[in-house]
Amino acid sequence: METAFKVKNLKAYYGPKEALKDVSFDILKKTVTAIIGPSGCGKSTFIRCLNRMNDLVLGFNVKGEILYDGKNIYSKDIDVIDIRRQIGMVFQKPNPFPKSIYENVVYGLRIQGINRKETLDNVVEESLRKAAIWEEVKDRLHTSALQLSGGQQQRLCIARAIATEPEVILFDEPCSALDPIATAKIEDLITALKQEYTVVIVTHNMQQAARVSEYTGFFMMGELVEFDATQKIFTTPSNKMTEDYITGRFG
Amino acid sequence: MRKRYQWIKEKLIEGALFASALFSIFVTAGIIGVLFFETYEFFKEVSILDFLTDTQWTPLFTDKHFGILPLFAGTFLTTAIAILVALPIGLVSAIYLSEYASDRARNTVKPALEILAAVPTVVYGYFALLFVTPILQRFIPDLSGFNALSPGIVMGIMIIPIIASLSEDAMHAVPMGLREGAYALGAAKFQVATRVVVPAAFSGIAASFILGISRAVGETMVVAIAAGQQPRLTLNPLVPLETVTAYIVQVSLGDTPTGTIEYKTIFAAGMGLFTVTFVLNIVSYWLKKRFREVYE
C-alpha cells in the first residue's frame with residue numbers, strides 16, 4: 001500500500017519544552033491510523049504537526065521531517081494553506097461557524113473564491129451525504145448550525161472538511177464531547193470514510209481505537225513506544241508499557 | 001450576645017450598601033423627573049407640532065421660533081462625521097489588536113488607546129478649533145472658522161478607543177476553536193479575521209458602534225467650542241452650526257432667568273437628546289445580551 005505520510009525523526013518543542021522526542025513511522029493511504037496514549041503524551045501535538053496547526057502556537061518549533069507526497073511539509077517552499085486544503089481536520093469540540101448549515105459546508109470553497117451556486121449546491125449535498133447528516137438537515141440548510149445537537153455539529157464539521165476534497169482527514173479526539181450514540185455514528189462514519197480518505201485519529205478511548213483503526217501508534221512522554229497493526233497492538237503488544245496501558249494498568 | 005452584635009453589624013452593612021445603590025437610582029429618577037416636568041411646562045407654551053416641524057430655532061431672539069430640527073441636524077451631521085472617522089479606524093484597530101498584534105504590541109497599544117479616552121473633552125475642543133480647523137482650511141479654503149467638519153473629525157478620534165476597545169473585547173471572546181476550524185480549511189489569516197472572527201463577534205461590535213454613536217450624540221465641549229453657535233438647518237459640514245448639546249451649554253452659561261421660555265427650551269432640547277441616547281443604549285444593551293448568549 002502507498003504511504004501518505006513518512007514521519008522522520010520528528011521532534012517538537014513548545015519553547016524549551018520538548019513535546020515529541022524523535023518520532024518516526026509511516027502512515028498508509030486509505031487506512032485509519034489511531035494514535036493512543038495517556039494525557040500529555042504528545043498525541044495531540046503530533047496530529048497537529050500533520051497539517052501544521054501548531055504554527056498558530058507561539059514558541060512552537062519542529063525538527064525532523066514529515067514527508068507528504070514525498071515533500072517535507074515543514075520545508076520553507078511549502079504553502080501552508082495548500083497543505084491544510086489537502087489535509088482536513090476535525091476537532092475535539094465541534095466548532096461550526098455561527099452561520100447557516102449551508103454556509104458552514106461551503107466556507108472552504110468560498111475562501112478559495114468559488115461562488116457558483118450550482119457548484120456549491122452540489123458540494124453541500126454531496127458532503128452532507130458523505131458525512132451521514134443529509135437526511136437530518138436537508139430541509140433546514142439555511143438555519144443556524146448552532147441549533148444542531150453536538151453530534152450533528154460534529155458531523156457537520158466533518159462535512160465541512162470533506163467539502164474541500166482533501167486527501168487526508170485528521171480527527172483530534174472527535175468524540176470526547178459526545179454521548180455514546182453520537183459517538184457510534186461518528187465511528188461508523190470514520191470506517192466508511194477510509195474508502196476514499198486517509199484517516200488519522202487521536203483518541204484517549206482505547207476501545208474506539210480498536211474498533212475503527214487498522215494501525216495504532218502508542219505514544220508516551222513524547223515518544224512513540226510502539227506502532228503496529230491495531231490487532232497486534234491490542235492482542236500481542238511487543239512492548240511491556242503498551243501492554244500495561246491497554247490493559248488499563250495506568251493512564 | 002456576640003452573635004447578636006454580629007447580626008446587627010451585618011444588617012447595618014447590608015443597609016448601607018442598599019442605601020448607596022438606592023441613592024443613584026433616586027438621582028437618576030430625580031433628573032428624569034425634572035426633565036419631564038420642565039418639558040411639560042415648555043409644551044404648554046409651544047405646540048409639539050411647531051417644535052418638531054419648524055425649521056428655525058431662535059428662542060433667544062425677539063422673533064421666537066422653536067423648531068428643534070436645526071439643532072438635531074447639527075447633532076446628526078457632527079455625529080455622522082465622527083462615526084465615519086471612528087468606525088473604520090476603530091474596527092481595523094480592533095482587528096489588528098485581536099488577531100495580529102503580538103502580546104507586546106497589544107500591551108503597548110491598548111493602554112495608549114485608553115489614554116486617548118482619558119483626555120478631557122475640552123482639550124479635544126480646543127484641539128479641533130485651534131489645530132485641526134486651520135490645517136483643514138489649507139485644503140478647503142471655504143471652510144469657516146467654526147464648522148461641523150473639524151469637531152466631527154476630532155470627536156471621531158475621541159471615540160476610536162471606545163469602538164476599538166469594545167470590539168476587541170468581543171473579538172477576543174470568539175472561541176479559539178472557530179479560528180482553528182477556519183485555518184484547518186485553508187483560510188489565510190485575513191480571511192479568518194474578516195470572515196469568521198468579525199461575523200462571530202458581530203453583535204458585540206455593533207454594540208460598540210452604537211455606544212460610540214451615543215457618545216458622539218451626547219458630546220458637548222468639542223462641538224460647543226469648535227462648531228459655532230448658529231442653529232442652521234443644513235448638512236453642509238463647512239459652515240458654522242449648533243448641536244443640541246452646544247445649545248444647552250450656550251443657554252446654561254448665559255443669564256437666562258429661571259422659569260422663562262428660554263430657560264425651558266434647554267429642558268425640551270435635553271429631553272430630545274435623552275430620548276435619542278436612551279434608545280441607542282437600549283439597542284446596545286440588547287445586542288450585547290444577544291452576543292453573550294451565543295457561546296454559553
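Procedures and definitions
- Residues numbered from 1 in each chain as written.
- Chains lettered and ligands numbered in written order.
- Predicted model: local features only at pLDDT ≥ 70, side-chain atom pairs only at ≥ 80, totals over all residues.
- Heavy atoms only, no water.
- Core = buried A, V, L, I, M, F, W, Y, C linked by side-chain atoms within 4.5 Å.
- Buried < 20%, exposed > 50% of the residue type's maximum accessible area, 1.4 Å probe, protein only.
- Helix = DSSP H or I, 4+ residues; strand = E, 2+ residues; numbered from the N terminus.
- Contact = heavy atoms within 4.5 Å.
- Disulfide = S-S within 2.5 Å.
- Pairing = 2+ DSSP bridges.
- Axes fitted to C-alpha atoms, helices over the stretch in contact; angles between N-to-C directions.
- Buried area = accessible area lost by both parts, 1.4 Å probe.
- Salt bridge = Lys/Arg side-chain N within 4 Å of Asp/Glu carboxyl O.
- Polar contact = N/O pair within 3.5 Å; in protein donor to acceptor, adjacent residues only side chain to side chain.
- Phe/Tyr/Trp six-rings, centres within 6.5 Å; stacked < 30°, edge-to-face > 60°.
- Patch = residues over 30% accessible without salt bridge, like charges linked within 9 Å, V, L, I, M, F, W, Y side chains within 5 Å.
- Areas by Shrake-Rupley, 256 points an atom, 1.4 Å probe, with all protein chains shown as cover.
- Domains from an automatic or database assignment.
- Nonpolar A, V, L, I, M, F, W, Y, C, P; charged D, E, K, R; others polar.
- Parallel < 35°, antiparallel > 145°, perpendicular 65-115°, else oblique.
- Left-handed = near helix turned anticlockwise from the far one by under 90°.

A. Spatial organisation of the nonpolar core. A:Phe5, A:Leu10, A:Phe46, A:Leu50, A:Ile66 and B:Met171 are the most contacted members of the largest nonpolar core, which has 87 residues in total. When residues of this core are assigned to their parent elements, the largest contribution, 10 residues, is made by helix α6 (residues 149–172) of chain B. Here A:Leu10 is in contact with A:Leu20, A:Lys21, A:Asp22, A:Val23, A:Phe46, A:Cys49, A:Val62, A:Lys63, A:Gly64 and A:Ile66, once residues within four sequence places are set aside. Listed in part, the 45 residues of the second largest apolar core include A:Val137, A:Ala145, A:Ala163 and A:Tyr197.

B. The arrangement of the state of the cysteines in detail. On inspection of all chains with the given rule, the structure shows 0 disulfides over all chains. Cysteine A:Cys49 is unpaired, with the sulfur of A:Cys41 as its nearest cysteine sulfur at 13 Å.

C. Spotlight on the sheet that holds strand β2 (residues 17–28) of chain A. Residue and element names in this part refer to chain A. An order of β2-β1-β4-β5 is seen for the 4 strands of this open sheet, with the pairing classed as antiparallel. The sheet terminates laterally at β2 and β5 (71–72), the two strands that pair on one side only. Those strands touched by helix α1 (residues 43–50) are β1 (3–14), β2 and β4 (60–68), and its axis lies near 60° from that of β2.

D. Quick peek at the sheet that holds strand β7 (residues 168–172) of chain A. Residues and elements named next belong to chain A. Spatially, the 6 strands line up as an open sheet ordered β6-β7-β8-β3-β9-β10, and their pairing is mixed. Each having just a single partner strand, β6 (87–90) and β10 (223–229) make up the two edges of the open sheet. The average undirected angle you get between the axes of adjacent strands in this sheet is 15°.

E. Structural view of the interface of chain A and chain B. With 24 residues of chain A in contact, the opposing surface of chain B contributes 20 residues. With both sides pooled, the region where chain A packs onto chain B buries about 1,700 Å², and carbon together with sulfur makes up 65% of that total. At the surface where chain A touches chain B, the tally comes to 1 salt bridge. Close ionic contact of A:Arg48 with B:Glu180 constitutes a salt bridge, the shortest N to O distance being 2.9 Å. The interface formed by chain A and chain B contains 5 residue pairs in polar contact (both at pLDDT 80 or more). Listing elements by their share of the side of chain A that touches chain B, those giving two or more residues are α2 (80–86), β6, α3 (101–110) and α6 (150–163) of chain A.

F. Highlighting the packing of aromatic side chains. Residue and element names in this part refer to chain B. In total, this model carries 18 aromatic pairs over all chains according to the counting rule given. Look at Phe42 and Phe51: their rings are 5.6 Å apart centre to centre, the planes differ by 70°, and that puts the pair in the edge-to-face class. Comparing Phe42 with Phe51, the two get one shared label, buried. Considering the side-chain rings of Phe43 and Phe51, the 5.1 Å spacing of their centres and the 85° angle between planes classify their relative orientation as edge-to-face.

G. Quick look at a nonpolar patch on the surface. Residue and element names in this part refer to chain B. The grouping of Val122, Val123, Tyr126, Leu130 and Met221 at the surface amounts to a nonpolar patch, some 440 Å² of accessible area in total. Element by element, the count of residues in the nonpolar patch is highest for helix α5 (residues 121–139), at 4 residues. Relative to the helices and strands, Tyr126 resides in helix α5.

H. A look at the domain arrangement of chain B. All names here are of chain B. What the domain assignment lists for chain B is domain 1 (2–44) and domain 2 (69–295). Look at where the C-alpha atoms of domain 1 and domain 2 centre, and you get two points 31 Å apart. Facing 8 residues of domain 1, the contacting portion of domain 2 comprises 9 residues. The junction of domain 1 with domain 2 conceals about 820 Å² of combined surface from both sides, 85% of it contributed by carbon and sulfur atoms. Across the domain 1-domain 2 interface, the total number found is 0 salt bridges. Between the two partners, domain 1 and domain 2, sit 1 residue pair in polar contact (both at pLDDT 80 or more). Here the side of domain 1 that touches domain 2 is composed, by residue class, of 5 nonpolar, 1 polar and 2 charged.

I. Broad picture of unusual backbone geometry. Residue and element names in this part refer to chain A. Phi angles above zero are rare outside glycine, and Arg52 is one such case at about 55°. Within the secondary structure, Arg52 is located in the loop between α1 and β4. By relative accessible area, Arg52 is classed as buried at 14%. Here Met221, not a glycine, exhibits a phi torsion of approximately 50°, which is positive. Looking at the secondary structure, you find Met221 in the loop between β9 (215–220) and β10. When its relative accessible area of 59% is taken as the criterion, Met221 is described as exposed.

J. Main features of the side chain of B:Glu99. Residue and element names in this part refer to chain B. Positionally, Glu99 belongs in helix α3 (residues 69–100). Here Arg179 takes part through its side chain, which lies 2.9 Å from a polar atom of the side chain of Glu99. Not counting residues within four places of it along the chain, the set of residues in contact with Glu99 comprises Met171, Arg179, Lys189, Ala193 and Val197.

K. Up close: the packing of α3(A) against α6(A). Residue and element names in this part refer to chain A. Between α3 and α6, the shortest axis-to-axis distance is 7 Å and the interhelical angle comes to 30°. The orientation of α3 relative to α6 falls into the category roughly parallel. As for the relative orientation of α3 and α6, their crossing is right-handed in sense. Contact residues: Ile101, Asn104, Val105 and Leu109 in α3; Leu156, Ala159, Arg160 and Ala163 in α6.

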